[in-house]
Amino acid sequence: MDILIKKRNGRYENLCVEKTKKMVALACEGLDGCDPMELEMDSKIQFKNGMSTKEIQQVLIRSAIEKVIVNEQSENGSGLSRMNSKWQHVAARLFLFDLYKEAKISRNYKTFGYGDFKKLIEMLVERGIYTEDFITKYTEAERRELAEYIKPERDFLFNYEGVKLLADRYLVHGVNGEVMELPQERFMAIAMHLASVEEDKVYYAKAFYDLLSKLKMTVATPTLANAGTTFNQLSSCFISTVSDNLWSIYDVNSKFSKVSKHGGALGIYLGKVRSLGSDIRGYNNASGGVIPWVRLYNDTAVAVDQLGRRKGGASITLDIWHKDLYEFIDLRTNNGDDRRKAHDIFPAISIPDIFMERLINRQEFSLFDPHEVEKLMGFSLEDYYDKDEKHKEFSERYKLCENDNRLTKITVPALDIMKKIMKSAVETGTPFIFFRDTVNRANPNSHAGMIYGSNLCHEIAQNMSETKYVSEEIITENGETKIVTTVKSGDMVTCNLNSVNLGNVTLEELKENVPLQIRMLDNVITLNMFPVADAKVTSLKYRAIGLGVSGYHHYLAKNAIAWENEKHIEEADRLFEEIAYNAIKASMELAKEKGAYAEFEGSKWQTGEYFDERGYVSERWQELKKDVMKYGLRNGYLMAVAPTGSTSNIAGTTAGIDPIFKKFFVEEKKGSFTPKTAPELNDETFWYYKEAHYINQLWSIRACAARQRHIDQAQSFNLYITPEVKAKDILDMYVEAYKAGIKTIYYVRNRSLEMDECTSCSS
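Residues numbered from 1 in each chain as written. Predicted model: local features only at pLDDT ≥ 70, side-chain atom pairs only at ≥ 80, totals over all residues. Heavy atoms only, no water.

## Focus: the overall build of the chain
Stage number 1. Each helix and strand counted, the chain has 29 helices and 22 strands in total.
Stage number 2. A globule of 763 residues ought to have a C-alpha radius of gyration of about 27 Å, and the chain, at 27 Å, matches this closely.
Stage number 3. Going through the 763 residues of the chain one by one, you find that 58% of them count as buried.
Stage number 4. Accessible surface for the chain amounts to roughly 31300 Å². Of this, 49% is attributable to carbon and sulfur atoms. (Helix = DSSP H or I, 4+ residues; strand = E, 2+ residues; numbered from the N terminus. Rg over C-alpha atoms; globule rule 2.2 N^0.38 Å. Buried < 20%, exposed > 50% of the residue type's maximum accessible area, 1.4 Å probe, protein only. Areas by Shrake-Rupley, 256 points an atom, 1.4 Å probe, with all protein chains shown as cover.)

## Topic: helix 29 (residues 727-739)
Stage number 1. For helix 29, with 13 residues, the first-to-last C-alpha span of 18 Å sits near the 18 Å given by 1.5 Å per residue.
Stage number 2. When helix 29 is considered as a whole, its buried residues turn out to be Ile-730, Leu-731, Met-733, Tyr-734, Val-735, Ala-737 and Tyr-738.
Stage number 3. Just beyond helix 29, the residue with positive phi is Gly-741, at close to 85°. (Expected span 1.5 Å × (residues − 1).)

## Details of the sheet that holds strand 21 (residues 744-745)
Stage number 1. If you walk across this open sheet you meet the seven strands as 15-6-7-8-9-12-21, and the pairing is mixed. Each edge of the open sheet is held by one strand with a lone partner, namely strand 15 (493-495) and strand 21.
Stage number 2. Bridge count between strand 6 (residues 237-241) and strand 15: three bridges; the pairing is antiparallel. Bridging from a neighbouring strand, Cys-237 pairs with Cys-495 of strand 15.
Stage number 3. Of the strands in this sheet, strand 7 (265-269), strand 8 (314-319) and strand 9 (345-351) touch helix 13 (residues 291-303), which is tilted by about 135° from strand 9.
Stage number 4. Those strands touched by helix 29 are strand 12 (432-435) and strand 21, and its axis lies near 30° from that of strand 12. (Pairing = 2+ DSSP bridges. Contact = heavy atoms within 4.5 Å. Axes fitted to C-alpha atoms, helices over the stretch in contact; angles between N-to-C directions.)

## Some points on the pattern of salt bridges
Stage number 1. Enumeration over the complete set of coordinates arrives at 55 salt bridges.
Stage number 2. Residues Lys-137 and Asp-133 are paired through a salt bridge, measuring 3.6 Å at the closest nitrogen-oxygen approach.
Stage number 3. Classification of Lys-137 as partly exposed rests on a relative accessible area of 30%.
Stage number 4. Its salt-bridge partner being Lys-676, residue Glu-161 comes within 2.4 Å of it at the nearest N-O pair. (Salt bridge = Lys/Arg side-chain N within 4 Å of Asp/Glu carboxyl O.)

## Concerning the environment of Val-505
Stage number 1. Along the chain, Val-505 turns up in the loop between strand 16 (497-501) and helix 20 (510-527).
Stage number 2. Once residues within four sequence positions are removed from consideration, Val-505 is found in contact with Lys-216, Val-500, Leu-510, Asn-513 and Tyr-555.

## Quick look at the layout of surface pockets
Stage number 1. In this structure, the second largest pocket encloses a volume near 880 Å³.
Stage number 2. In terms of lining residues, the second largest pocket is bounded by 24 residues, among which Lys-7, Arg-8, Lys-19, Lys-101 and Phe-112 are the most central.
Stage number 3. Among the elements of the structure, strand 2 (12-14), helix 1 (17-28), helix 3 (53-66) and helix 4 (86-107) are those that each provide at least two residues to the lining of the second largest pocket.
Stage number 4. By residue number, the principal contributor to the lining of the second largest pocket is helix 1, which donates five residues.
Stage number 5. Here the residues of the lining of the second largest pocket are counted per class, giving ten nonpolar, six polar and eight charged. (1 Å grid on protein atoms, 1.4 Å probe; cavity = no way out; pocket = protein on both sides within 12 Å on 5 of 7 lines; lining within 4 Å. Points joined across faces, edges and corners; volume = space filled by probe spheres on them. Nonpolar A, V, L, I, M, F, W, Y, C, P; charged D, E, K, R; others polar.)

## Section: empty space enclosed by the protein
Stage number 1. Counted according to the given criterion, the structure contains four cavities of 30 Å³ or more.
Stage number 2. Approximately 80 Å³ is the volume found for the largest cavity.
Stage number 3. Examining the composition of the lining of the largest cavity, we find that three residues originate from one element, strand 5 (residues 217-219), more than from any other.

## Considering the packing of helix 10 (residues 201-213) against helix 20
Stage number 1. It is the contact of helix 10 with helix 20, at a shortest axis distance of 11 Å, that shows an interaxial angle of 110°. Judged on the interaxial angle alone, helix 20 and helix 10 are roughly perpendicular. Judged by the sense of rotation from one axis to the other, the crossing of helix 10 with helix 20 is left-handed. Contacts between helix 10 and helix 20 pair Tyr-204, Ala-207, Phe-208, Leu-211 and Leu-212 from the former with Asn-513, Leu-516, Gln-517, Arg-519, Met-520 and Asn-523 from the latter.
Stage number 2. For the contact of helix 10 with helix 20, a count of residues per class yields seven nonpolar, three polar and one charged. (Parallel < 35°, antiparallel > 145°, perpendicular 65-115°, else oblique. Left-handed = near helix turned anticlockwise from the far one by under 90°.)

## Some thoughts on the pairing of strand 8
Stage number 1. When you tally the buried positions in strand 8, you get six out of six residues, the bulk of the element.
Stage number 2. Of the two faces of strand 8, both are covered, the one formed by Ala-314, Ile-316 and Leu-318 as well as the one formed by Ser-315, Thr-317 and Asp-319.
Stage number 3. As defined by bridge partners, strand 7 adjoins strand 8 across four bridges and the pair is classed as parallel. Across the sheet, the residue bridging to Ile-268 is Ile-316, located in strand 8.

## Notes on the environment of Ala-448
Stage number 1. Summarising the element assignment, Ala-448 is placed in the loop between helix 19 (436-441) and strand 13 (468-477).
Stage number 2. Sequence separation between Ala-448 and Asn-463 is 15 residues, and the spatial gap between their C-alpha atoms is 7.5 Å.
Stage number 3. Every residue in contact with Ala-448, bar those within four places of it in the chain, is listed here: Asn-463, Tyr-542 and Glu-599.

## Section: the domain arrangement of the chain
Reports often express the size of an interface as the amount of accessible area lost when the parts come together.
Stage number 1. Split by domain assignment, the chain resolves into domain 1 (4-71 + 80-214), domain 2 (237-476) and domain 3 (496-717).
Stage number 2. For domain 1 versus domain 2, the separation of C-alpha centres amounts to 46 Å. (Domains from an automatic or database assignment.)

## A closer look at unusual backbone geometry
Stage number 1. At the junction of Thr-430 and Pro-431, the peptide bond is cis and its omega measures out at 15° in the coordinates.
Stage number 2. Within the fold, Pro-431 resides in the loop between helix 18 (414-428) and strand 12.
Stage number 3. In this structure, Leu-215 takes a positive phi of about 60° despite not being glycine.
Stage number 4. Examined against the element boundaries, Leu-215 turns out to sit in the loop between helix 10 and strand 5.
Stage number 5. A residue is classified by how much of its surface remains accessible, and Leu-215, at 5% relative accessible area, is buried.
Stage number 6. Here the phi dihedral of Asn-285 falls at roughly 55°; this positive angle occurs in a residue that is not glycine.
Stage number 7. In this fold, Asn-285 is placed in the loop between strand 7 and helix 13.
Stage number 8. Residue classification places Asn-285 among the exposed positions, given a relative accessible area of 64%.

## So, the packing of aromatic side chains
Stage number 1. In the structure shown here, the tally under the stated rule is 37 aromatic pairs.
Stage number 2. Ring pairing ties together the aromatic residues Tyr-581, Trp-605, Tyr-610, Phe-611, Tyr-616 and Trp-621, which thus form one cluster.
Stage number 3. Taking the ring centre of Tyr-610 as reference, the NZ or CZ of Arg-614 above it sits at 3.6 Å.
Stage number 4. Across the ring face of Tyr-552, the terminal group of Arg-707 is positioned such that the distance to the ring centre comes to 4.7 Å. (Phe/Tyr/Trp six-rings, centres within 6.5 Å; stacked < 30°, edge-to-face > 60°. Lys NZ or Arg CZ within 6 Å of the ring centre and 35° of its normal.)

## Quick look at the side chain of Thr-223
Stage number 1. Mapped onto the elements of the fold, Thr-223 is located in helix 11 (residues 221-226).
Stage number 2. Once you skip the residues sitting within four places of it in the chain, Thr-223 turns out to touch Arg-186, Ile-190, Leu-194 and Leu-234.

## A look at the environment of Leu-497
Stage number 1. Take Leu-497: it is sitting in strand 16.
Stage number 2. For the pair formed by Leu-497 and Met-520, sequence separation is 23 residues and the distance between their alpha carbons is 9.7 Å.

Shown next as structure tokens:
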């Protein structure tokens, strides 16, 4: 009796084993150690009547994945793990073949593989999925030329996890979930969109496409998902400041809902809001403090859940001298009154130099109510920072507050506060840390504002200020009544991110690649659909971007550099100086072409201080300094290293600047088990992939400091601990990070905890 197999178009045909053999052979072609016969034997497919071709494909994919790590018994009976990461690429190809067949049916073309991208553009524009810019800004001939430029063979650069993640989350699908876009078409759509504002659109579309499709770079997840579509919100994060009044508190909440709806996360600075027990309109003990407002933002994060894909994300920053500090630190812990908790908010603490000095010297520290300070002292303490040894404006005012008996305060040993921070960090991974004086001293735009906090992933450091209510008027025109609210826009920060894939780029390639990435980021600002008007005002004012990296540990392993080694510190310094030089030069060249950002005059870029502060004295740096002072910069902020959690998986590399968690492991998701290995894990790289929790964190701190010298913003920098690490050692990590000039600390990743990842900032 013949076995009938169900095809994807619903038809049945007789089983043809040769078709399966041919497909497996194609998937294994050119991959060392991947024998198609071995895969066929190990898959043990039991063909049965009515079985679908998709089911056959799933069995083969699963079998290929399971061959990545094979457990064997040695002669003495002990277990051995044999690895061949190339099987990940076999699984990826089998998955791609499945994708091709789905797209062929959805789009009604005959060929196996890719169809006509030009036709896809026209169809999706007509359906309101792709932006009309593809039709209005590109001629038919240009669309055809770019469609023909697509390189389907670059699909074979993906591993299984990467291509599946790209297909599941980011490729454009039809209203019923049918496959419309294929991976190279997503890359070309992004490239065409970001090149659409260029004079030579086709040239830059091809250049951007090459970077993306060769996996030389990654873009932020909102750009990856939305570029080229009618929903072109391309930014990852937004950062807002809250004034000490109800209008501002709810205004920021409204903005948070809009940002979350459009796929972004929010950083909120809440340090200006009065503390628990403070007066309201002269009535003592009337204020509920910051916790009720934190819970308001927490509820918004849960309610506005980004089309049901994930809940919204927000980090809230409070100053370490704020009276509500103790309750704030405990927001995510499981002890205490749950009505005063906010388990979906990520707390961050803003720490000035004076606290760290008191901590190191084991002295006392005082907590104040910011409202009372402003009312009695005539200044807002949070609006100052220590510029240098001679100008300690924050410390001087802080001491004035300490010595003024009119102010109510809580005075405790600084070490006690730090113990509470460390306890929460061990239990929850938070609070994040923001060294405010270090950040503001390094701010290239300190002439135009101040930085109070960071974004959810703690790599952004840009000027912030609150939007202020001005008036509300009732206007009647032509029998129609309108209520017009007038506000004075503040600086609402926008994170526009992409990353160099260090795992797939040589030092020599930076000279060509970095300028293209800077241009892409600058075009994100021009093209972006901003969910909040304040964010657009600020973006056009500073044109701030965040060039980062992924694949840092991958790069070290490929270059035979051990993490805990002086060579690592030297390479971190050399590598990031090269990235910084090319980034600044590229932005200067863009300023020549398109004009400098609005606030350039008076900045440290314009005065040359930026270069002097970092000791850039070589001939090439001095030449660049003169050019920047003469021509300006296109972008007021340039570099920021994001976590790149999901996009680094797509690019087949390690995340951000993080060391790997494990060299190889088996991941369980929804009942399925997927073996994974570090990128390009082999006999040569094996010994250079030391796992995060086994690394002496002081080496990571030193490397972070070496990188920080060349980064105008900050880095998503994690500390890794195990339950065996002593409290004194954790304290030493915080102190050493501060002394080394590190700006921010993201998670403290305890091996016994699972952390929520921010996918918005992934770039």
